[in-house]
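# Per-entry structural report
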Amino acid sequence: MTSRGGAAPPPHGRQGGVQARAVSIGPSFAAPENSLLQRVRANRLLDQIRHSDSQQQVRRITRLVGDLAAITSTLTMSLCDLLFRFMSGQEEQYVQKHHSISLQAVEIINDLCAQPDVLQDWGFPPEHCRVTARQLGVFTGFGGLQHCAPDRADLGQPFPQPAELDEAPFLNQMMFLLLSRDLPPLALARCLSRARFGSWSSDRRSFFPARPHGQGQQMRWAVRTEDTQDLGVVHVTFVGVDIVSFRFEQAWPRARFRHSKHFMPARYALEAVDDTRRVKIFKTVRARDGLQHAKPFWHRYFGSLSAELETILDGCFTVAKNGLPMRPIFQRNHPSWETDELAQRVLAVVIAQWYNAGSLEFVERMHRLPHCILAIGSVPKNTAPLRRLITDARPINKYASRWRVRYATVLDICLMLTLCALMWIRDLSNAYHLVRLGGCRGQTRRLVRWITNSSGTGYEPAPTFQSGCGPGDCLGFCDKSMFGLCVDGQVGRFAVCQFGHTVSNGPLFVLTSTICSYCSRVHGVDAQQFVDDLMKALGVRPHAACGGLEGKCPVCLEALERAREKMAFLDRMMKDCALEYSDKGDMRILQRHLYIGIIFDTLKGRIFISKEKFDKTMALLLELMQQAECTPRMMSKLRGKCGHQFRCVEGVRPFLVPFNQFVGGPETALEWDTPKQIPDCLRHTMGTLFKWLPEQYEKGAEMWPLDPRTILFNWEQGIETPGAPLLVVFWDSSPEGAAGISIRERPNEVWQTAGMRYDGATSIATFGVPLEAQVHRESAGGAPAP
């Protein structure tokens, strides 16, 4: 979604002339701040995008996008509420007073998007100016309104009876699509509120609002939008200040009554504490508002918190968007859910726990449906309940601004670890659900929920928080409304980030990176994170080769006592901060640990693939070898496994080149899922790997391989290299077709010469054939050296 405004000339002063720069002799005086920037600074909502006076460094682009996302979300909800108040019959004077800051912000944004370069006066680089205009452009008429011929006056005749009136389901979308300088928010909301009820044409391409009779002759005029996102071109016809018709290019989906009961099926129930009682007491689960309750502990442990972290802890996270889905979305659930009876049986309990914890909000039949109802599916899982619920968020992912995070790689972890280092692993429970969505209404409400008491004999009240709106008062355009699901005819919506959305890992990364940096900075414990898995390691002071903890090495045992103390403290810190972790895995302190499918052995200094991961990869490799065609998506899955896991097998990486060539660079879903013929070279490579890998994977790979650059540096410094005497070959090729070769045993001494003698060179070689590219000449220059 882009702004309609472009770059403009430098801003003008109050008197209409261009502001001149004062030139004086002696002390310099700062030029007065631009009037537009003064308006931005004075607006409480927009002030957060500017640089603070004490900040000298350029703001990170991710921080700027986060601030703009908060502004966009607040304004979106404010404009939806503006329309809602008019439809509720509130007086215009009261509505205008309530939303005065937001109305002023929209006016300022129109001016700011018309001349975004003015932000350079606050130190914004040109890229940040463009990002600001693009993110805020949703409020400047992104629909691209144009005047056009109105529809015929008799198109909507005859008017229906009041009992036949329908409510327009698209007014929120029209609020943003028609918003522009010609149709400011207040006037537009007033027009749309009067067009709330009407009737559809037989093909559901036109909607005719009901109008009272006897208004006399008024001017008939119309506007049309550009081909915008998923709505196409929309024609809106006015008579005076009233809307008389909406005409769409595509038929609007027909609403269907949900054939379901008010209650969910019996399998969606919590586990009973004791089945022998006459009155069943169900075991409740922890609410998803733990971070907000634990916020004092975050301040206690970490001191001052970043703005992103504060927002997450307060339960006000907002997805940064570059667009809004205009048409409602209702996806059919995947076959992995519909046809898997085991998944439906075991995941029904998980869904019930999510409802109980507040991760899911139940949408009753009298409530407005979420704007987007996404498809759900299931994938196999190694631990109970053997299935994992997933959501297909691709329809809304394309509207979200990307939040790039960097997870730990195998190389990063190897560089973190040292010889004999002690490691322990923590896996966060329901990590994505730690981050609550802010919703709309802009407030956090306290609710009382009933939880099972400690004795399991009854229930007790517990205060909880609900961020923003609920299903009954949602304005229909917030993040919660974009995360709906439908199971057995019952509709719910996620109030937390869910696996499958493109930016759900962003706020989780903020939490885990804060923990890792705290461990390293304060306690001297190295830590790395990969999604919700945390590895922590404590180094052992250098000593001679030993048998480690199993061999009762005194140095390692001494470090073990310190590691236990630090582990106990850090575990208590995580619980205080409401970061619950699973106790299903191996939680011991070891020198050989399994992490992200890789076995790290600090005692031997080697890394290995776990047998389970290796068997799965080999099974996938065998499956693809037996196929004549394959999609880039499936081949990229195999290539990703090989690239990650087979770092533990030396000499595999050169074999990944044919995989990269086959996958290419697909951009659309069609390109990803279109089968292609597997070429012979790739088939030969897969056959070689299938034959060779079982012999090599048990050997593992060095955790800290000696880099050739390190060997060369030590040789140049005169440091003896372990092993046989070292010979170093230098060569340099020239465009004339000759290469100078120098073979040395010591840095300043040529080892031997061949042919004619040249100063500092072993020999001069020429190419048998002319080579046009210099890179080819450089490669060919080393061939004669041996």
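Residues numbered from 1 in each chain as written. Predicted model: local features only at pLDDT ≥ 70, side-chain atom pairs only at ≥ 80, totals over all residues. Heavy atoms only, no water.

## Topic: the overall build of the protein chain
Scanning the protein chain from N- to C-terminus turns up 23 helices and 30 strands. When the 786 residues of the protein chain are sorted by exposure, 47% land in the buried category. In the protein chain, the proportion of contacts linking residues at least 24 apart, taken out of those at least 6 apart, comes to 71%. Here the protein chain has roughly 41200 Å² of accessible surface; of this, 54% comes from carbon and sulfur atoms. (Helix = DSSP H or I, 4+ residues; strand = E, 2+ residues; numbered from the N terminus. Buried < 20%, exposed > 50% of the residue type's maximum accessible area, 1.4 Å probe, protein only. Contact = heavy atoms within 4.5 Å. Areas by Shrake-Rupley, 256 points an atom, 1.4 Å probe, with all protein chains shown as cover.)

## A closer look at the pairing of strand E4 (residues 206-209)
Neither face of E4 is open: one carries Ser-206 and Phe-208, the other Phe-207 and Pro-209, and all of them are buried. In the sheet, strand E3 (residues 197-200) pairs with E4 via three bridges, with the strands oriented antiparallel. The residue of E4 that forms the bridge with Trp-200 is Phe-207. Where E3 hands over to E4, the hairpin turn is made up of five residues, of which Arg-204 adopts a positive phi near 55°. Sheet analysis places E4 next to strand E7 (residues 242-248), joined by two bridges and oriented antiparallel. Paired with Phe-207 across the bridge in E7 is Phe-246. (Pairing = 2+ DSSP bridges.)

## What about the packing of aromatic side chains?
Counting across every chain of the model gives 23 aromatic pairs. Aromatic pair Trp-221 and Phe-238: ring centres 4.2 Å apart, planes at 10°, arrangement stacked. Here Trp-221, found in strand E5 (residues 220-224), pairs with Phe-238, found in strand E6 (residues 234-239); they are 17 residues apart in sequence, far enough to count as distant. The class for Phe-238 is buried, based on a relative accessible area of 1%. Plain terms: the ring middles of Tyr-301 and Tyr-518 are 6.3 Å apart, the flat faces sit at 75° to each other, and that makes the pair edge-to-face. With a gap of 217 residues between them, Tyr-301 in helix H9 (residues 295-302) and Tyr-518 in helix H15 (residues 505-523) connect regions that are remote in the sequence. (Phe/Tyr/Trp six-rings, centres within 6.5 Å; stacked < 30°, edge-to-face > 60°.)

## Re helix H17 (residues 611-625)
When the terminal C-alpha atoms of H17 are compared, their 21 Å separation across 15 residues agrees well with the 21 Å that a helix rising 1.5 Å per residue should span. Within the sequence span of H17, burial applies to Phe-614, Thr-617, Met-618, Leu-620, Leu-621 and Leu-624. Seen along its axis, H17 keeps its buried residues to an arc of 160°; they face one direction. The elements touched by buried residues of H17 are strand E23 (606-609), strand E24 (629-630), helix H18 (632-645) and helix H21 (680-696). (Expected span 1.5 Å × (residues − 1). Arc of directions from axis to C-beta.)

## Details of the environment of Val-750
Locating Val-750 in the fold gives a position in strand E29 (residues 749-750). Spatially, the C-alpha atom of Val-750 lies 10.0 Å from that of Val-729, the residues being 21 residues apart in sequence.

## Section: the sheet that holds E3
With respect to topology, seven strands assemble into an open sheet ordered E1-E5-E6-E7-E4-E3-E2, the strand pairing being antiparallel. Lying at the two open borders of the sheet, with one neighbouring strand each, are strand E1 (146-148) and strand E2 (166-167).

## Observations concerning unusual backbone geometry
In most cases, non-glycine residues show a negative phi, while peptide bonds are predominantly trans. One non-glycine residue with positive phi stands out, namely Val-531, at about 60°. Residue Val-531 is classed as buried on the basis of its relative accessible area of 18%. Its identity is not glycine, yet Ala-578 carries a phi of approximately 65°, on the positive side. Residue class for Ala-578 comes out buried when judged on its relative accessible area of 15%.

## Notes on the confidence of the model for the protein chain
Scored by pLDDT, the protein chain has a mean of 80; 88% of the residues are at 70 or more. Mean pLDDT across the secondary structure elements of the protein chain bottoms out at helix H23 (residues 774-781), with 71, and peaks at helix H16 (residues 554-576), with 93. (pLDDT = per-residue confidence, 0-100.)

## Side note on the sheet that holds strand E20 (residues 581-582)
The strand order E18-E19-E13-E20 describes an open sheet built from four strands, whose pairing is antiparallel. With partners counted over all chains shown, the strands left at the sheet margins are strand E18 (526-530) and E20, one partner each. Note: E18 against strand E19 (residues 533-538), five bridges, orientation antiparallel. Bridging across to E19, Ala-527 finds its partner in Lys-536.

## Some remarks on the pattern of salt bridges
Pairing between side chains becomes possible if they bear opposite charge and their charged atoms approach one another. Tallied over the full model, the rule gives 25 salt bridges. For Asp-111, the salt bridge is made with Arg-181, and the minimal N-O distance between the two is 2.7 Å. Residue Asp-111 is found in helix H4 (residues 100-114), and its partner Arg-181 is found in the loop between helix H6 (171-177) and helix H7 (185-194); the two are separated by 70 residues along the sequence. Take Asp-111: its relative accessible area is 18%, and that puts it in the buried class. Taking the relative accessible area as the measure of exposure, Arg-181 reaches 52% and is therefore exposed. The salt bridge partner of Asp-203 is Arg-205, with a shortest N-O separation of 4.0 Å. The class of Arg-205 is partly exposed, set by a relative accessible area of 34%. Taken together, the shared-partner salt bridges connect Arg-39, Asp-111 and Arg-181 into one network. (Salt bridge = Lys/Arg side-chain N within 4 Å of Asp/Glu carboxyl O.)

## A word on the nonpolar core
Judged by nonpolar contacts, the single largest core of 148 residues is most densely connected at Phe-170, Met-174, Phe-246 and Trp-298. Looking at which element gives the most residues to this core, the answer is helix H2 (residues 61-87), with 12 residues. Apart from the residues lying within four places of it in its own chain, the contact partners of Phe-246 are Phe-170, Met-174, Leu-192, Ala-195, Arg-205, Ser-206, Phe-207, Pro-209, His-235 and Val-236. Of all hydrophobic cores here, the second largest spans 41 residues; its members include Val-410, Cys-414, Cys-630 and Leu-682. (Core = buried A, V, L, I, M, F, W, Y, C linked by side-chain atoms within 4.5 Å.)

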